[in-house]
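# Fold and contact review
What follows is each chain in one-letter form.
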Protein chains: 2
Amino acid sequence: MADSSYVIEPIGVIHSELTSREAAPRQGYEGAPAAWLELDARFAPGLDGIAVGDTLIVLTWLHVARRDALQVHPRGDPERPLTGVFATRSPDRPNPIGVHRVTVVEIDGHRLKIAPMEAIDGTPVIDIKPTLARADVH
Amino acid sequence: MADSSYVIEPIGVIHSELTSREAAPRQGYEGAPAAWLELDARFAPGLDGIAVGDTLIVLTWLHVARRDALQVHPRGDPERPLTGVFATRSPDRPNPIGVHRVTVVEIDGHRLKIAPMEAIDGTPVIDIKPTLARADVH
C-alpha cells in the first residue's frame, strides 16, 4: 500500500542552546527555551504575513530519532507499559516529525525567534503553519 | 544549510468519499466527512493504546499539492493579497504536510475511522500522534 516514498527538503534549521536529546525537555511547555528558526534564504518569501506575537505550528524532522521503534515506554519510563508509538509523542517513530506550537517573539529577516522549542540545535525545520483556532484546539 | 534531505515512507493511506481537491473542504471543520485511515499492517503494533473517542493529530503527505509555491492567495481567493505560504494553511508549500486534528470514531484492526478528515481519497498518512492538552491548544 505504502508503495511510494517522498523526499523532504528541509526549509531551515533550529539554532538552540539545547545540544543533546538528554538535555531537551520532552515537551515545549516543560521549560523549553526560545530558539532561532533560521529559514533558508530561498524560502524567505514564504514568511510574508508572519508577525511577532503570532502562534505557529513548526514541523521539524527529529533527525536523531530511531525510526524502527513501533512501541516505547511512555516518557522513557520503564515502569510504564510498552505503548504503540502512535499513541505517544515519542520522537522515535517511523517518520520522526516533530509538531511544535510556538510563539514568534522576534523576527530578523528570514530568522524567527520562537518559544518554546524543545528540539535540539541543528534540528531541520520542514514546515511552518499558522494555527487555526477552530482546528488546532486539541 | 538545508544540505541533506530525508525520505518519508508512508505508514498508511486515507480512504475517503472525497476524490478531488476541488471537492474537499479547505479545513476539516468546514464539513469534512469521516474517513478510514488504513495503516499498513506492518505498523499495527504502533496503534496499541489508541481507543475510540481519542483525539489524534494525523499527519498526511498532500500528494497533489504544488511544492514550488512560496506565496498564495489565501483560500484561493484572488481578491486576497498574495501571502507567504508559511502564513497560510495552503496545501501548496515546499513540504506539503497536512496536519489534521481528528477524533477516532471506530477501530477495525489496523484501520481507524476518523473524523473530520478533509484529505482526499488516496492521501498518504505519514504519522499519527495523540493530542496534548497543554501543547496543542492553539
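In this report, we go over the structure that sits alongside the text. (Residues numbered from 1 in each chain as written. Chains lettered and ligands numbered in written order. Predicted model: local features only at pLDDT ≥ 70, side-chain atom pairs only at ≥ 80, totals over all residues. Heavy atoms only, no water.)

## Structural notes on the interface of chain A and chain B
Across the contact, 59 residues belong to chain A and 59 residues belong to chain B. Taken together, the two surfaces of chain A and chain B that pack against each other cover about 5800 Å², and 62% of this comes from carbon and sulfur. Linking chain A to chain B there are two salt bridges. A salt bridge links Arg93(A) to Asp127(B), with the shortest nitrogen-to-oxygen separation between them at 2.9 Å. (Contact = heavy atoms within 4.5 Å. Buried area = accessible area lost by both parts, 1.4 Å probe. Salt bridge = Lys/Arg side-chain N within 4 Å of Asp/Glu carboxyl O.)

## Things to note about the nonpolar core
Membership of the largest hydrophobic core comes to 23 residues, with the highest contact counts inside it found for Leu37(A), Leu39(A), Ile114(A), Met117(A), Ile128(A) and Phe86(B). Elements represented by at least two residues in this core include exactly β3 (35-39), β4 (55-61), β7 (97-108), β8 (111-115) and β9 (124-130) of chain A. Among the elements that make up this core, the one with the highest residue count is β3(A) (three residues). Look past the residues within four positions of Met117(A) in its chain and what remains in contact with it is Ile14(A), Leu18(A), Ala32(A), Pro33(A), Ala35(A), Val58(A), His100(A) and Val102(A). (Core = buried A, V, L, I, M, F, W, Y, C linked by side-chain atoms within 4.5 Å. Buried < 20%, exposed > 50% of the residue type's maximum accessible area, 1.4 Å probe, protein only. Helix = DSSP H or I, 4+ residues; strand = E, 2+ residues; numbered from the N terminus.)

## A closer look at the packing of aromatic side chains
Under the criterion given, the structure shown has two aromatic pairs over all chains. Here the aromatic rings of Tyr6(A) and Trp61(B) are separated by 5.3 Å at their centres, their planes lie at 25°, and the arrangement is stacked. Highlighted residues: Tyr6(A) in strand β1 (residues 6-8) and Trp61(B) in strand β4 (residues 55-61), drawn from two different chains. In this structure, Arg111(A) is placed above the aromatic ring of Trp36(A), and the distance from its NZ or CZ to the ring centre is 4.1 Å. (Phe/Tyr/Trp six-rings, centres within 6.5 Å; stacked < 30°, edge-to-face > 60°. Lys NZ or Arg CZ within 6 Å of the ring centre and 35° of its normal.)

## Considering the environment of Tyr29(B)
All names here are of chain B. Tracing the sequence through the fold places Tyr-29 in the loop between β2 (12-15) and β3 (35-39). For Tyr-29, a relative accessible area of 29% gives the class partly exposed. Here the alpha-carbon distance between Tyr-29 and Val-105, two residues 76 residues apart in the chain, equals 16 Å.

## Describing the relation of the copies chain A and chain B
Note that the two copies of the chain are related through a rotation about an axis and a translation along the same axis. Least-squares fitting of chain A to chain B yields an RMSD of 0.0 Å, with the superposition described by an axial translation of 0.0 Å and a rotation of 180°. What the rotation and shift describe, once combined, is the action of a two-fold rotation axis. When you check the interface residues of chain A against chain B, 100% turn up at the interface there too, and the contact is symmetric in its surfaces. (Least-squares fit on C-alpha atoms with pLDDT ≥ 70 in both.)

## Examining the pairing of β7(A)
All names here are of chain A. Across seven bridges, β4 lies against β7 in antiparallel orientation. Residue pairing in the sheet places Ile-57 in a bridge with Arg-101 of β7. Across five bridges, the pairing between β7 and β8 is antiparallel. Within β8, the position partnered with Glu-106 by the bridge is Lys-113. Hairpin geometry of β7 and β8 is characterised by an intervening segment of two residues between the two adjacent antiparallel strands and by a positive phi of about 65° at Gly-109. (Pairing = 2+ DSSP bridges.)

## Looking at unusual backbone geometry
Residue and element names in this part refer to chain A. Following Ala-115, the chain continues into Pro-116 via a peptide bond in cis, with omega recorded as -10°. For Pro-116, the position within the fold is in the loop between β8 and β9. Look at Arg-75: it is not a glycine, yet its phi comes out positive at around 60°. Structurally, Arg-75 is set in the loop between β5 (71-72) and β6 (83-84).

## Concerning the side chain of Thr88(A)
By secondary structure assignment, the location of Thr88(A) is in the loop between β6 and β7. A residue is classified by how much of its surface remains accessible, and Thr88(A), at 7% relative accessible area, is buried. Within the local environment of Thr88(A), its side chain forms a polar contact with the backbone nitrogen of Ser90(A), the two atoms lying 3.0 Å apart. With residues near it in sequence (within four places) discarded, Thr88(A) still touches Val72(A), Pro74(A), Thr83(A), Arg93(A), Lys129(B) and Pro130(B). (Polar contact = N/O pair within 3.5 Å; in protein donor to acceptor, adjacent residues only side chain to side chain.)

## Comments concerning the sheet that holds β4(A)
Taken in spatial order, the six strands of this closed barrel run β2-β3-β8-β7-β4-β9 (chain A), and their pairing is antiparallel. On average, each strand axis in the sheet is tilted by 45° relative to the strand beside it, whichever way the strands run. (Axes fitted to C-alpha atoms, helices over the stretch in contact; angles between N-to-C directions.)

## Examining the side chain of Thr83(A)
Tracing the backbone through its elements, the reader meets Thr83(A) in strand β6. Classification of Thr83(A) by relative accessible area gives buried; the value is 15%. Sequence-distant contacts of Thr83(A), that is, excluding residues within four places in its chain, are made with Leu70(A), Gln71(A), Val72(A), Pro74(A), Thr88(A) and Asp48(B).

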